[in-house]
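# A structural walkthrough
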Amino acid sequence: MKLKQLESLLGSIQQFDHPKIELEQYPTGPHIASRLLYTAENSFGDLSDKVVADFGCGCGTLGLAAGLLGAEHVTGFDIDQESIEIATSNADELDLDIDFVQCDIRNITLSDRHIDTVVMNPPFGTRKKGADMEFLSVALKVASRAVYSLHKTSTRAHIKRTALREYNASSAEVLCELRFDVPQLYKFHKKKEVDVAVDLWRFVPTSNQGKHL
């Protein structure tokens, strides 16, 4: 599938009707989402025939993209039931067989489900300090192959240091810097749209053997 086709399909899906600020719910736009997943597949082969998890999946954009690019199986996880319902509807519209699970990422338990790659657009941690790092910590414990994640460029040094020193990543690489369009969703937003500089990261876990979810 070509990049433009992927971006077009992602641009057609339903997004949040009533976003929840406490969960930092901002839609992952089709431009960023398509490039994140297209890079994961075409530069590293981390999606096709792989088992993929979408952490904090929201309306399912990243997980849907993984499915469209040939993932063997995709599971999306989100704490918000309304998001799970929208994501399920979006998967149905695209004729994709994706599982969506309502749960707190911090409470995911290891069992017999193998996960190759985690994709995510975690909360930036502006409402709840450290929320982005909680997602990254769990993702690196679960993924056997790679973690792809978006984080504010202003946190780059902290992200890299923590991933390598505390979360036991064997590598932490910024693949590119992107502009995340934050639309005027909440009452406290003064501008119609704000561009936030974000990094697209690829993290590789230290051990790629025997990890399950």
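Below you will find a few notes about this structure.

What counts, and at which threshold
Residues numbered from 1 in each chain as written. Predicted model: local features only at pLDDT ≥ 70, side-chain atom pairs only at ≥ 80, totals over all residues. Heavy atoms only, no water. Salt bridge = Lys/Arg side-chain N within 4 Å of Asp/Glu carboxyl O. Helix = DSSP H or I, 4+ residues; strand = E, 2+ residues; numbered from the N terminus. Axes fitted to C-alpha atoms, helices over the stretch in contact; angles between N-to-C directions. Parallel < 35°, antiparallel > 145°, perpendicular 65-115°, else oblique. Left-handed = near helix turned anticlockwise from the far one by under 90°. Contact = heavy atoms within 4.5 Å. Buried < 20%, exposed > 50% of the residue type's maximum accessible area, 1.4 Å probe, protein only. Pairing = 2+ DSSP bridges. Right-handed = clockwise from strand over helix to strand, strands pointing away.

### Re the pattern of salt bridges
Here the idea is simple: oppositely charged side chains can pair when their charged atoms come close. What the rule picks out here adds up to seven salt bridges. When the shortest N-O distance is used, the salt bridge between glutamate 7 and arginine 35 registers 2.9 Å. Taken together, the residues span a long stretch of sequence, with glutamate 7 in helix α1 (residues 3-10) and arginine 35 in helix α2 (residues 30-42) at a distance of 28 residues. Taking the shortest distance from any N to any O, the salt bridge between arginine 156 and aspartate 199 comes out at 2.7 Å. In this pair, arginine 156 sits in helix α6 (residues 156-165) while aspartate 199 sits in strand β7 (residues 193-205), placing the two residues 43 residues apart along the sequence.

### Looking at the packing of α1 against helix α3 (residues 61-68)
Where α1 meets α3, the closest approach of the two axes is 11 Å, and the angle between their N-to-C directions is 140°. With respect to each other, α1 and α3 are oriented oblique. In the packing of α1 onto α3, the handedness of the crossing is right-handed. Between α1 and α3, the residues in contact are Leu6, Leu9 and Leu10 and Thr61, Leu64, Ala65 and Leu68, respectively.

### Thoughts on the pairing of strand β2 (residues 73-78)
Burial analysis of β2 places five of its six residues in the buried class, which makes it a mostly covered element. Here strand β1 (residues 51-55) pairs with β2 via five bridges, running parallel. In the sheet register, alanine 53 faces β2, and the bridge partner there is threonine 75. Of the pairings in the sheet, the one linking β2 to strand β3 (residues 99-102) comprises four bridges and is parallel in character. Bridge pairing in β3 links glycine 76 to phenylalanine 100. Note on the crossover from β2 through helix α4 (residues 81-93) to β3: the handedness is right-handed.

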